[in-house]
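Structure assessment
What follows is the residue order along each chain.
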Amino acid sequence: MDLGLTGKVAIVGGGSDGLGFAIADRLLREGACVTIFARRAEKVAAAAAQLADKYGRERILGVAADCSVDADIEHVTAETLQRFGPAVHVLVTNDGGPPIRRISELTDDVWLTAFERHFFYVVRSVRTTLPHMTTEGGSILNVVSGVAHRPAVGMAAPATVWSAVIGYAQTLALEAGPHNINVNTLLTGYFDTPLIDKTIDRQPELSKTRLGSGLPMGRIGQPREFADLVGALVAPNLRFVTGAVIPVDGGASIGMGASFDSAADAK
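All of the points below concern the structure found in this document.

The rules behind each value
For every chain, the first residue of its written sequence is number 1, and the numbers climb from 1 along that sequence. Per-residue local features of the predicted model are confined to residues with pLDDT of at least 70, and side-chain atom pairs are confined, for both listing and counting, to 80 or more; whole-chain, interface and lining totals are unaffected and use all residues. The side-chain quantities take in all heavy atoms of the structure and omit both hydrogens and water. Cavity and pocket criteria rest on a 1 Å grid covering protein atoms alone: a 1.4 Å probe that fits but cannot get out defines a cavity, protein on both sides within 12 Å along at least 5 of 7 lines defines an open pocket, and an atom within 4 Å of a point defines a lining residue. Grid points are joined across faces, edges and corners, and a volume is the space filled by probe spheres set on the points. A run of H or I in DSSP becomes a helix once it reaches four residues, and a run of E becomes a strand once it reaches two; helices and strands are each numbered from the N terminus. Lys, Arg, Asp and Glu make up the charged group, whereas Ala, Val, Leu, Ile, Met, Phe, Trp, Tyr, Cys and Pro make up the nonpolar group; the residues left over, Gly among them, are polar. Lines fitted to C-alpha atoms define the axes here, with helix axes fitted over just the stretch in contact, and angles between the N-to-C directions of these axes take values from 0 to 180 degrees. Angles below 35 degrees are treated as roughly parallel, those above 145 as roughly antiparallel, those between 65 and 115 as roughly perpendicular, and all remaining angles as oblique. A crossing counts as left-handed when the near helix is turned anticlockwise from the far one by less than a right angle, and as right-handed when that turn is clockwise. Working rule for contacts: check all heavy atoms of both residues, and any pair within 4.5 Å makes them a contact. The buried label goes to any residue with under 20% of its type's maximum accessible area, the exposed label to any with over 50%, and the partly exposed label to all in between, with areas taken from a 1.4 Å probe on protein chains only. Directions are taken from the helix axis to each C-beta atom, and the arc is the one they span. Patch members must show over 30% relative accessible area and no salt bridge, and they are joined within 9 Å when carrying like charges or within 5 Å when they are nonpolar side chains of Val, Leu, Ile, Met, Phe, Trp or Tyr. Reported accessibility uses the Shrake-Rupley method at a 1.4 Å probe radius. Residues are deemed covered only where the shown protein chains occlude them. Each reported salt bridge corresponds to a side-chain nitrogen of Lys or Arg within 4 Å of a carboxyl oxygen of Asp or Glu. Under the counting rule used here, the positive set is Lys and Arg, the negative set is Asp and Glu, and His together with the chain ends is not counted. Charge coordinates come from a single atom per side chain, which is NZ of Lys, CZ of Arg, CG of Asp or CD of Glu. Ring pairs are drawn from Phe, Tyr and Trp, using the six-membered ring of Trp, whenever the two centres fall within 6.5 Å, and their geometry is named by plane angle: stacked under 30 degrees, edge-to-face over 60, tilted for the rest.

This paragraph deals with empty space enclosed by the protein. Under the criterion given, the structure shown has 1 cavity of 30 Å³ or more. Taken as a whole, the largest cavity holds about 40 Å³ of empty space. Lining the largest cavity, in full, are Ile11, Phe37, Ile73, Val76, Thr77, Leu91, Ser125, Thr128 and Thr129. Broken down by secondary-structure element, the contributors of at least two residues to the lining of the largest cavity are α3 (70-84) and α4 (108-129). Residues of the lining of the largest cavity, tallied by class, amount to 5 nonpolar, 4 polar and no charged.

Okay, the packing of α3 against α4 next. The interhelical angle for the contact between α3 and α4, taken along N-to-C directions, is 40°, at an axis separation of 9 Å. Here α3 lies oblique to α4, going by the angle between them. Of the two elements, α3 crosses α4, and the hand of that crossing is right-handed. Listed contacts from α4 to Asp70, Ile73, Glu74 and Thr77 of α3 are Tyr121, Arg124, Ser125, Arg127, Thr128 and Thr129. For the contact of α3 with α4, the residue count by class is 2 nonpolar, 4 polar and 4 charged.

Let us now look at unusual backbone geometry. Cis peptide bonds are those with omega within 30 degrees of zero, and the linkage from glycine 85 to proline 86 qualifies with 10°. Looking at where proline 86 falls in the secondary structure, it is placed in the loop between α3 and β4 (90-93). Of note, asparagine 180 is a non-glycine position whose phi angle comes to about 65°, a positive value. Counting through the fold element by element, asparagine 180 comes out in the loop between α5 (156-176) and β6 (181-188).

Residues of helix α6 (residues 194-202) that are buried: Ile196, Thr199 and Ile200. Take α6 and look down its axis: the buried residues cluster within an arc of 95°, on one side only. Of the residues in α6, the exposed ones pointing more than 90 degrees away from the buried face are Leu195, Asp201 and Arg202. Taken together, the buried residues of α6 touch α7 (208-213).

Residues Arg39, Arg40, Lys198 and Arg202 make up a contiguous surface patch of positive charge. Overall, lysine 198 belongs to the partly exposed group, its relative accessible area being 48%.

A separate point is the packing of aromatic side chains. Considering all chains together, one arrives at 5 aromatic pairs under this definition. Ring centres of phenylalanine 119 and tyrosine 168 lie 6.1 Å apart, and the angle between their planes is 80°; this geometry places the pair in the edge-to-face category. Here phenylalanine 119, found in helix α4, pairs with tyrosine 168, found in helix α5; they are 49 residues apart in sequence, far enough to count as distant. Exposure remark for phenylalanine 119: the relative accessible area of 15% places this residue in the buried category. The interplanar angle of 80° and the centroid separation of 5.5 Å between the aromatic rings of phenylalanine 191 and phenylalanine 226 together place this pair among those described as edge-to-face. Of the two residues, phenylalanine 191 is situated in the loop between β6 and α6 and phenylalanine 226 in helix α8 (residues 223-233); the sequence distance between them amounts to 35 residues. Taking relative accessible area as the criterion, phenylalanine 226 reaches 0% and is therefore assigned buried. Taken together, the aromatic side chains of Phe115, Phe119, Phe120 and Tyr168 make up a single cluster linked through ring pairs.

Right, dumping it as structure tokens:
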């Protein structure tokens, strides 16, 4: 199905690996021109080269930028407009997450850094991009962790920051709707990404099989599955979907698959 993204211009945060890379790949496959950015210049360059080999150098731009620095966010938008201008049609905010620490370990500096890097990244990206979304409309999609709706021990910072992003995004959806711009948020679960690999390295008792076995789907997700939904939600023909907060987690948000014997079976 043609999603109507041919020739559209997209900016994808955290595009050097994981979900961000998969999203960039999906949008390029649909014919979009894509800017990816992340902090590490060498990783961004390698990812951009890989995508360029697959889709052509004229449709991919890699920029090294720190999402917690206002000037870097402005630089990403400026470089995108210079390369693909005069408009941006799709903005995907995506960048790891705040540190996993118990509440007693969260100093003011940790809280401030978490909001600077993850909440204000979204605010600044929207501020620099929104004026360049054309009269034909556009899409803003925020990728956040499912812990925003399913808090866990050690997840106070992620749960708080991502909840703030959700509140901001839904208010933005109200304000941007009349301009034919939709705003949605996807809640991630366990996906086969470098982030999961790092988690397993820190906790050897875990494995991808074990993490997936407790989910209704019985496995962790593949990045392409997440990216397919992103491609649909930022497509012009789904612009009516806005303000949504959608879990993409293999069913974790509805339950972890526990079962109980039926009382009828005991009769």
